[in-house]
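Topology and contacts: notes
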Amino acid sequence: MGFFKKKQVSTVPPVVVTDTTQQELASRPVSAQSKALVETTVVSVKRNFCQQCCSKENLKEQALLIATVTAVVLGIVVGISLRGLKCPGDERVNGCRITKEDISYIEFPGKIFIDILKMLILPLIVSSIISALAQLDAQSSGKMGARALVYYLGTTLIASIIGIILVLSIRPGIRGATVDIKPDAKSTEGRTIDTVLDLFRNLFPDNIMEATFRSYATTLTKSVTLVVSPDGTAYNKTTLIPKVEKRDGINVLGLLLFCIIFGVIVSRLKSKTLILKQFFEALLEVVMQLVRIAMLYGPIGIFFLIAAKMLEMDNLADFVGSLGLYMVTVLAGLFIHGLIILPLLLFIITRINSFKYIRGMSQALVTAFGTASSSATLPVTYQCVELKNHIDPRVSRFVLPLGATVNMDGTALYEAVAAIYIAQLKGIPLNAVKIIVTSLTSTLASVGAASIPQAGLVTMVIVLNALGLPSDEVKTIYAVDWLLDRFRTTINVFGDSIGCAIVQHLSRKELAALDEKNEAEENNRPDTVLPALVATTATEQTTSFMLV
């Protein structure tokens, strides 16, 4: 009968063998069986490492990133190569084949990709903020929000200072030639007071449902009247008449404030709002699955977006001369801020490997460059921050929506450089006071910039008014703004992700205390104690029956 007894097999835990361990084993006499066991363990560890690196999910993520980068490169190459077939007007004459209407058809698949990402913004923001704050107490969420705001405003001010230093050193407006203003260049009117009032109007919407698709905006109309002075001379007086309107687009500020307050109250009510908490957590999981599906279409959409933008350029000569120096100045500032300042802050505060962190954010950065919209990139940013860089979801789901609205490092740098560049072109000297005003105004104006393509041109008017420059001078930089917009959006998204890591590191004690508190509450819950008692009673009854 002993043959049918179950044999006891001792499990050997995996041993990681280093070079030192191998030298010690080689110096000691060991049996052939032990030697074979060690070699088998080393082979299994190496095999597990290779399986982990070459797993199906890892290869799929890398394939998507490679495809997205390839789409950007191919879009640039194909767009430039097709410029020889572009028609100067709307008709096909002299052998040209591609009209403006055809370019809109080429851009159409890319527009669909942006629309898909924008479709996910509303459920993503609402579910992420509420589910994150529902897991925090009011004190922890307040500290976390304060740290995020200090980081965002601090890095934005640093970015504007870097831009001012570079533009005063390179002086692109003095060294370069004159700039030809494009006939289709846009200009707008704006005042600082109207922008500030619009911020407060959007913070407190009168209808939260309407805030999901409309926001407040002040439009200025010019009124010219003939005025006769007491001495009999007549002159035209121009006045700006403000009119508050509601424009299409998500009111992100209003939704942020509503969701923050809603999430804090859910966390305070605890068991009474358990169903709400579970609902928003489930909604977030569904939205993240939709994001993963949408990203499979990303390389195709980005390819057509880039190719269409290359075809829309009027003249490649726009990138030389004075505007070329201006572009070099802005790009140099963006690279200094994005590749030196932000990674240095990340390493000094958190001791995280900056290169590894950038590699984890590569998919979001390429998407930001392709779409030129930090809001449209927000779903991808969530995925990279949480899955690849392992940021606590309670931090990322609260900090990222806030950063997509408030943090505009690249925009602040761009606006500071552009304002001083225009002043140099016009020969207007700037003293130290005006330079300080430029840095502060560009920082505040960037906060009010909507996270949509080329929104910086609108807030650029505020900086020009602060320096006493006419708002029509925005037309000067219109020709190259579309390209710079993609680079500054990439820096904005990267700055948001760095903020997540820094806020998580600074809030690690609060998060650890919350984990301990939740674990203690989980152990003391009646619905967990009662099944344990029932299981214990059942075990005792079974034991007594077997004894009998």
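Within each chain, residue numbers correspond to sequence positions counted from 1 in written order. In keeping with the model being predicted, local features are shown solely for residues with a pLDDT of at least 70 and side-chain atom pairs are shown and tallied solely at 80 or more, while totals for entire chains, interfaces and linings include all residues. With hydrogens and water stripped out, all remaining heavy atoms of the structure feed into the side-chain values.

A short note on the overall build of the protein chain
Put simply, DSSP H or I for four residues or longer makes a helix, DSSP E for two residues or longer makes a strand, and each gets a number counted from the N terminus. Looking only at helices and strands, one finds 22 helices and 2 strands in the protein chain. The buried label applies to any residue whose accessible area, calculated with a 1.4 Å probe on protein chains only, is under 20% of its type's maximum; exposed applies above 50%, and partly exposed to all values in between. By residue count, 43% of the 548 residues in the protein chain fall in the buried class. Of the roughly 29,400 Å² that the protein chain leaves accessible, carbon and sulfur atoms contribute 64%. Surface exposure here means Shrake-Rupley accessible area, sampled with a 1.4 Å probe, where a residue is shielded only by the protein chains that are shown.

What to know about the pattern of salt bridges
Close approach of charged atoms allows side chains of opposite charge to pair. Salt bridges are identified by distance alone: a Lys or Arg side-chain nitrogen within 4 Å of an Asp or Glu carboxyl oxygen. For the coordinates displayed, the defined rule picks out 14 salt bridges. The salt bridge involving D515 is made with R394; its shortest N-O contact spans 3.0 Å. Here D515, found in helix 21 (residues 508–523), pairs with R394, found in helix 16 (residues 393–406); they are 121 residues apart in sequence, far enough to count as distant. We classify D515 as partly exposed; its relative accessible area is 38%. A relative accessible area of 7% means that R394 is categorised as buried. What emerges from the salt-bridge pattern is a single network uniting D206, E210, R214 and K246.

Let's talk about the packing of aromatic side chains
Put simply, two rings from Phe, Tyr or Trp (the six-membered ring, in Trp's case) pair if the centres are within 6.5 Å, and we call them stacked under 30 degrees between planes, edge-to-face over 60, tilted for the rest. If you walk through the whole model with that rule in mind, you get 9 aromatic pairs. Ring centres of F335 and F487 lie 6.2 Å apart, and the angle between their planes is 75 degrees; on these two criteria the pair is classed as edge-to-face. In this pair, F335 is assigned in helix 12 (residues 321–350) and F487 in helix 20 (residues 478–506), connecting sequence segments 152 residues apart. Taken together, F258, F262, F279 and F280 form an aromatic cluster joined through their ring pairs.

Focus on the UniProt feature "transmembrane region" (unreviewed entry) in the protein chain
UniProt positions are given in the numbering used here, feature names are shortened, and annotations may be inferred rather than shown by experiment. Residues annotated in UniProt with the feature "transmembrane region" (unreviewed entry) correspond here to residues 63–82, 116–136, 148–170, 250–269, 290–311 and 323–349. Helix and strand shares over residues 63–82 are 95% and 0% respectively, and the end C-alpha atoms of the span are 27 Å apart. Measuring from the first to the last C-alpha atom of residues 290–311 gives 32 Å, for a span that is 91% helix and 0% strand.

Describing helix 5 (residues 121–134)
Here a helix's expected span is defined as the number of its residues, less one, multiplied by 1.5 Å. Between its terminal C-alpha atoms helix 5 stretches 20 Å, which fits the 20 Å expected from 14 residues at 1.5 Å a residue. Taken residue by residue, helix 5 has I121, L124, I125, V126, S127, S128, I129, I130, S131, A132, L133 and A134 as its buried positions. The contact criterion used is simple: two residues touch if any of their non-hydrogen atoms lie within 4.5 Å. Each element contacted by the buried residues of helix 5 is listed here: helix 4 (100–119), helix 6 (138–170), helix 9 (252–269), helix 10 (274–295), helix 15 (374–388) and helix 16.

Here's the deal with the confidence of the model for the protein chain
A score between 0 and 100, pLDDT records how confident the predictor is in each residue. Within the protein chain, residue pLDDT values average 78, and 77% of them lie at 70 or more. Element-level mean pLDDT values for the protein chain span from 44 in helix 1 (residues 19–27) up to 93 in helix 13 (residues 354–360). Low pLDDT, under 50, characterises residues 1–47; the predicted model gives this stretch 9 contacts beyond four residues in sequence or across chains. Within the model, the stretch residues 528–548 combines pLDDT values under 50 with 5 contacts to residues more than four positions away or in other chains.

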